Amino acid sequence: MLRFSNALEAVHKSWLSFQTMTTKMMSLVLLVLIGVTHSLDNGLARTPPMGWMSWQRFRCNIDCKDDKYNCISEDLYMEMADHLVSDGYRDLGYEYVNIDDCWAAKQRDSDGKLRADPERFPSGIKKLADYVHSKGLKLGIYGDFGTLTCGGYPGSKFYEELDAQTFADWGVDSLKLDGCYSTIDDYAIGYPLMEFWLNKTGRPILYSCSWPAYVVFSHKIPDYAAIAKSCNIWRNYGDIQDSWGSVTDIIRFYGNDSGNFSSFAGPGNFNDPDMIIVGDYGLSFDQQQVQMALWAIMASPLLMSNDLRIIRAESKAILQNKMAISINQDPLGIQGKRVYMVKTYGPNLRKNNKFEIWTRPLKDSRFAIAAVYYGTGGGPTRQMTSLGKIGLTNQNGYTLTDVFTGQPAGKYSLNTTLTLRPNPSGVLFFLAVPQ
Ligand code: GLA
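In this text the structure is predicted, and so the values were computed from the model without any measurement. (Residues numbered from 1 in each chain as written. Predicted model: local features only at pLDDT ≥ 70, side-chain atom pairs only at ≥ 80, totals over all residues. Heavy atoms only, no water.)

Looking only at helices and strands, the protein chain features 13 helices and 16 strands. Taken across its 435 residues, the protein chain has 57% of its residues classed as buried. For the protein chain, the proportion of contacts with a sequence separation of at least 24, taken over those separated by at least 6, is 73%. Counting only carbon and sulfur atoms, one obtains 52% of the accessible surface of the protein chain, whose full area is about 17,100 Å². (Helix = DSSP H or I, 4+ residues; strand = E, 2+ residues; numbered from the N terminus. Buried < 20%, exposed > 50% of the residue type's maximum accessible area, 1.4 Å probe, protein only. Contact = heavy atoms within 4.5 Å. Areas by Shrake-Rupley, 256 points an atom, 1.4 Å probe, with all protein chains shown as cover.)

Laid out in C-alpha cells, this is it:
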C-alpha cells in the first residue's frame, strides 16, 4: 500500500535546513527533489467521505465555562458521535467525526508534540479516538500546513513528520490540512510532503487538503493533477456560511468548473465544496433540498456541520434520504455537471431568475438529474426540456423517480417533452433508470 522514497526524506531534511532561504529558492530546490515517484495510495475515499465536522456550526467557540454545551471540547465530539449512532446516521454511511480548528493547546509540549487543550479535552485525543472507534465511527482532526492554523493554533510547518506520527499514534483516521500562515509557493511542496509522512506512519489517514482553495483565492487555476496525486479530497473554494447566498455561490463555482476540476473526481479523489449546512439556520426547507441534491450530484463529501442534538425532523429526513445518499455514493465517482442554464422571465419578470439543470452519470447507465430554480418571486417556474436535450442517451428512454418524495415521476423517451416546475430557490431531483 505504501510507497516511500529516500529522496522524499531528503526533501524533508532540505525543508528543515533551507528554512533560512527565501521561499522561492526553497521551493525550487524542493520541487526538484520531490519530483520522485510518489502518490497517495491509502485506499481511502473510494466514494465521497460522509460524516460530521464542527467548524461551520461551532466555529472556534472555546468558552467552555459559560457555553459548555456549544464549545469545542471532547464532550461535543462524543455527543455528536452518540447521535450519529443512535439517530441512524452511521448506518447510512456518515462515519467520520471531524474535529476542526481550535482543539489544540496554544503551545506544543516539551518534546515539540501537538497536544489537545488540557481543559477542554482532559482525556486527550487518543481517548476520544478510542471512544469514537468503539461506536464504529472514525475520527478526523484538523491541522495547518503553515506556521499557525487559521485560528492561531500551532501549525505543522517544519513539524510534518512529528505531527503525522502523533496523529497516527492517537488513532486519527482523517486529517484536514489547512493553508493559513503560509505562502502560495509552498503548497506544492508542503502538501505532498505531509502526504509522504502520513503514508509513512502506515496508518491509512484520509487526507483533505485546502491547497487549491488558496490558489483559487490568488486568482490562479490550481494544478489539480498534482493535488489529486497527493490528496483524497480538497477544498477548492471559500468557506461555506449559513446562508443561501453562500450555497449558491459555491454551486456557481462548481458549475463554471474553471480548470475542469470535475474531471479529477473519481474513487479516491473528490472535490470538496465544504460542509453540509442542512439543519442549521440559514436555509429554507427547499434550499436545504437544493444543497443535498447538488452535493449528491457533485460527488461531494457529505460532512454535516449542524447540531445533531436538536435537529428538526424535516432536515434529518433530507440528510437521511437513502436515494440521495446512494447517488452521492455512486461507485463510479463521476462528478456531475451543470448542463443547462437559462435566465428565465418568471412571474416577477426579473432577469436574474436563473434556472439550471445538472446531471450526473451513475452506475448501470443511470443518471441523477437536478433542476434548480433561483427565482425569488411568485411560485414555481415552468421549464420545458427533454432527456435527449440534457445529454441522456438511452434510445428506449428512462423511468424517473423523484428522489425526495420517492414517488414515480413518469417514463420518458429521449425526445418527449419533460415539463419541470421547481419551486423558487428549490430543486426537482430525479433518478433516471434506463428502460
Ligand atoms: C479555514 C477553513 C475552514 C475552517 C477554519 C478554521 O477558514 O477553510 O473550513 O477550518 O479555517 O480556522
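Turning our attention to the state of the cysteines. Enumeration over the complete set of coordinates arrives at four disulfides. Between the sulfur atoms of Cys-64 and its disulfide mate Cys-71 the distance is 2.0 Å. Residues Cys-64 and Cys-71 share a disulfide whose torsion about the S-S bond is about 105 degrees; that sign makes it right-handed. Classification of Cys-71 as buried rests on a relative accessible area of 1%. A sulfur-sulfur distance of 2.1 Å marks the disulfide that ties Cys-209 to Cys-231. Taking the torsion about the S-S bond as the criterion, the Cys-209 to Cys-231 disulfide, at about -95 degrees, is left-handed. Taken together, the residues span a long stretch of sequence, with Cys-209 in strand S5 (residues 206-209) and Cys-231 in the loop between helix H9 (224-230) and strand S6 (233-235) at a distance of 22 residues. Both residues of the pair, Cys-209 and Cys-231, count as buried. Cysteine pairing for the protein chain, with bonded cysteines counted in sequence order: 1-4, 2-3, 5-6, 7-8. (Disulfide = S-S within 2.5 Å.)

This part covers the environment of Lys-135. By the element assignment, Lys-135 lies in the loop between helix H5 (124-134) and strand S3 (138-144). With 40 residues separating them along the chain, Lys-135 and Glu-95 place their C-alpha atoms 9.6 Å apart. Apart from the residues within four sequence positions on either side, Lys-135 is in contact with Ala-81, Asp-82, Val-85 and Arg-90. Only 3.2 Å separates the side chain of Lys-135 from the side chain of Asp-82, close enough to count as a polar contact. (Polar contact = N/O pair within 3.5 Å; in protein donor to acceptor, adjacent residues only side chain to side chain.)

What follows is about the site of the ligand. Around the ligand lies a shell formed by Trp-55, Asp-100, Asp-101, Tyr-142, Cys-150, Gly-151, Lys-176, Asp-178, Arg-235 and Asp-239. A distance of 3.2 Å separates an oxygen atom of the ligand from a polar side-chain atom of Arg-235. Starting from 310 Å² of accessible surface for the ligand in isolation, the protein chains cover 89%. The residue inventory of the shell around the ligand, partitioned by class, reads three nonpolar, one polar and six charged. (Near = heavy atom within 4 Å. Nonpolar A, V, L, I, M, F, W, Y, C, P; charged D, E, K, R; others polar.)

What follows concerns the packing of helix H6 (residues 160-170) against helix H7 (residues 187-201). Across the interface, H6 lies against H7 with an axial gap of 9 Å and an inter-helix angle of 40 degrees. Classified by the angle between their axes, H6 and H7 sit oblique to one another. Between H6 and H7 the crossing geometry is right-handed. Residues Glu-160, Glu-161, Asp-163, Ala-164, Gln-165 and Ala-168 of H6 form the contact with H7, whose own contacting residues are Leu-193, Met-194, Trp-197, Leu-198 and Thr-201. Of the residues belonging to the contact of H6 with H7, the class tally is six nonpolar, two polar and three charged. (Axes fitted to C-alpha atoms, helices over the stretch in contact; angles between N-to-C directions. Parallel < 35°, antiparallel > 145°, perpendicular 65-115°, else oblique. Left-handed = near helix turned anticlockwise from the far one by under 90°.)

So, about unusual backbone geometry. Its identity is not glycine, yet Phe-158 carries a phi of approximately 75 degrees, on the positive side. In this fold, Phe-158 is placed in the loop between S3 and H6. Residue class for Phe-158 comes out partly exposed when judged on its relative accessible area of 23%. The backbone of Ser-425 shows a phi angle near 40 degrees, a positive value even though the residue is not glycine. Note that Ser-425 resides in the loop between strand S15 (418-420) and strand S16 (426-434). With relative accessibility at 10%, the residue Ser-425 sits in the buried group.

Of the two faces of strand S1 (residues 50-53), the one lined by Met-50 and Trp-52 and the one lined by Gly-51 and Met-53 are each fully buried. Across three bridges, S1 lies against strand S8 (residues 302-304) in parallel orientation. Bridging from a neighbouring strand, Gly-51 pairs with Leu-303 of S8. Here S1 runs beside strand S2 (residues 96-98); their pairing, made up of three bridges, is parallel. Along S2, the bridge assignment pairs Met-53 with Asn-98. (Pairing = 2+ DSSP bridges.)

Core analysis: the largest hydrophobic core is formed by 102 residues, its most contacted members being Tyr-94, Trp-103, Ile-125, Trp-295 and Phe-429. If you count residues domain by domain, this core takes at least three from each of domain 2 (50-328) and domain 3 (337-434). Beyond its immediate sequence surroundings of up to four residues, Phe-429 is in contact with Ala-293, Ala-296, Ile-297, Ala-324, Ile-327, Ala-368, Ile-369, Ala-370, Thr-401, Asp-402, Val-403 and Phe-404. Counting 18 residues, the second largest nonpolar core, distinct from the first, contains Ile-357, Tyr-398, Tyr-412 and Phe-430. (Core = buried A, V, L, I, M, F, W, Y, C linked by side-chain atoms within 4.5 Å. Domains from an automatic or database assignment.)

Within strand S13 (residues 398-402), four of the five residues are buried, which leaves it mostly tucked inside the rest of the structure. Inspection of the sheet shows S13 paired to strand S14 (residues 408-412) by three bridges, in the antiparallel sense. Bridged to Thr-401 within S14 is Pro-408. Linking S13 to S14, which pair antiparallel, is a turn of five residues; within it Gly-406 sits at a positive phi near 75 degrees.

Moving on, we get to the packing of aromatic side chains. For the structure shown, the criterion picks out 24 aromatic pairs. Measuring from ring centre to ring centre gives 5.8 Å for Tyr-89 and Tyr-94, while their planes differ by 80 degrees; the resulting arrangement is edge-to-face. Each of the two residues, Tyr-89 as well as Tyr-94, counts as buried. Members of the aromatic cluster, connected to one another through ring pairs, are Phe-145, Tyr-187, Tyr-191, Tyr-207, Trp-211, Tyr-214 and Phe-217. Just above the ring of Tyr-153 sits the side chain of Lys-106; from NZ or CZ to the centre is 4.4 Å. Across the ring face of Tyr-159, the terminal group of Arg-108 is positioned such that the distance to the ring centre comes to 3.6 Å. (Phe/Tyr/Trp six-rings, centres within 6.5 Å; stacked < 30°, edge-to-face > 60°. Lys NZ or Arg CZ within 6 Å of the ring centre and 35° of its normal.)

Without other data, these values stay purely geometric and don't point to any function.
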